[in-house]
Amino acid sequence: MLIIFDKMQEVNSAQNSLKNYKERMSAPVDALDPTSDSGSAVVNAELIIPKLDVDCSIRTDTVNAYNAVYHYPQSAAYGQPGECGILGHRTTYSGLFRNIGDLETGDKVIIKDLILKKVYTYEVTSNGNDIRWDYKTNPIRFSQEGQARLLLITCYPPGKKSAAYITHCKLISTSSF
């Protein structure tokens, strides 16, 4: 009887841990068709990916703009604990993420926050290992805690919305400008 009681405590602990984890995640998002309630164009940051020769604006109102990517409002802010999500096109609207598959572990991704005058430098930790074929039935949820991470999200295969292709990065430095 004591063994059953101990196992029941373990099960209750695991269920509470899962409940707490889910509460610390963002609301689910449609990874490749985001919507925003902001209503007006807001450009408050710049995304720089030296290896891909990308230098563009980060918008909070639409992903459908030339020379711009989209910051999911449900995700963490730049440089803050949790997952910051950035969505970019591969084949349309400048196709800024067309060569995202060329990124390798250790490559740098930089976000310049034009409001706070901060530069956040991230390092690619994995690329091509996270392709979410079920993103429509199992929407992406951004962690709101833990190490500051950046998720670069685009379509897969290029030009199709069959899956969400995610490049993972971790914050390695923050500086002022």
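The model shown is predicted, which means the values in this text are computed figures rather than measured ones.

**A word on the packing of aromatic side chains**
Summed over the entire model, instances satisfying the criterion amount to 5 aromatic pairs. Between Trp 133 and Tyr 156, the aromatic rings sit 5.7 Å apart at their centres with planes inclined by 80 degrees, giving edge-to-face as the arrangement. Taken together, the residues Trp 133 in the loop between β6 (118-132) and β7 (148-156) and Tyr 156 in strand β7 connect sequence positions 23 residues apart. Taking 5.8 Å as the distance between ring centres and 25 degrees as the angle between the ring planes, the aromatic pair formed by Tyr 156 and Tyr 165 counts as stacked. Take Tyr 156: its relative accessible area is 27%, and that puts it in the partly exposed class. Of the aromatic side chains, those joined through ring pairs into one cluster are Tyr 70, Tyr 72 and Phe 142. Stacked on the ring of Phe 177, the Lys or Arg Lys 112 has its end atom at 5.1 Å from the ring centre.

**Comments concerning a nonpolar patch on the surface**
Together, Val 43, Leu 114 and Phe 177 line one region of the surface with nonpolar side chains, adding up to about 250 Å² of accessible area. With respect to the helices and strands, Phe 177 occurs in the segment after β8 (163-176). When its relative accessible area of 45% is taken as the criterion, Phe 177 is described as partly exposed.

**Details of unusual backbone geometry**
Generally, phi is negative for residues other than glycine and the peptide bonds are trans, each holding for most cases. Between Tyr 156 and Pro 157 the backbone carries a cis peptide bond, its omega angle lying at -10 degrees. Positive phi, close to 45 degrees, is recorded for Tyr 93, a residue that is not glycine. Looking at the element boundaries, Tyr 93 is found in the loop between β4 (82-87) and β5 (108-113). One non-glycine residue, Lys 117, lies in the positive phi region at around 60 degrees.

**Comments concerning the nonpolar core**
Within the largest apolar cluster, 26 residues are counted, with the highest numbers of intra-cluster contacts made by Leu 47, Ile 86 and Leu 152. Those elements that place two or more of their residues in this core are β1 (43-49), β2 (54-59), β4, β5, β6, β7 and β8. Counting 14 residues, the second-largest nonpolar core is a separate cluster that includes Val 29, Tyr 70, Ile 140 and Ile 153.

**Quick word on the pattern of salt bridges**
Evaluated as defined, the whole model comprises 6 salt bridges. Here Arg 59 makes a salt bridge to Asp 61, at a shortest N to O gap of 2.8 Å. A residue is classified by how much of its surface remains accessible, and Asp 61, at 21% relative accessible area, is partly exposed. Its salt-bridge partner being Lys 108, residue Glu 123 comes within 3.3 Å of it at the nearest N-O pair. Placement of the pair is Glu 123 in strand β6 and Lys 108 in strand β5, with a sequence separation of 15 residues.

Rules behind the numbers
Residues numbered from 1 in each chain as written. Predicted model: local features only at pLDDT ≥ 70, side-chain atom pairs only at ≥ 80, totals over all residues. Heavy atoms only, no water. Phe/Tyr/Trp six-rings, centres within 6.5 Å; stacked < 30°, edge-to-face > 60°. Helix = DSSP H or I, 4+ residues; strand = E, 2+ residues; numbered from the N terminus. Buried < 20%, exposed > 50% of the residue type's maximum accessible area, 1.4 Å probe, protein only. Lys NZ or Arg CZ within 6 Å of the ring centre and 35° of its normal. Patch = residues over 30% accessible without salt bridge, like charges linked within 9 Å, V, L, I, M, F, W, Y side chains within 5 Å. Areas by Shrake-Rupley, 256 points an atom, 1.4 Å probe, with all protein chains shown as cover. Salt bridge = Lys/Arg side-chain N within 4 Å of Asp/Glu carboxyl O. Core = buried A, V, L, I, M, F, W, Y, C linked by side-chain atoms within 4.5 Å.

By themselves, these are just geometric observations and shouldn't be taken as functional.
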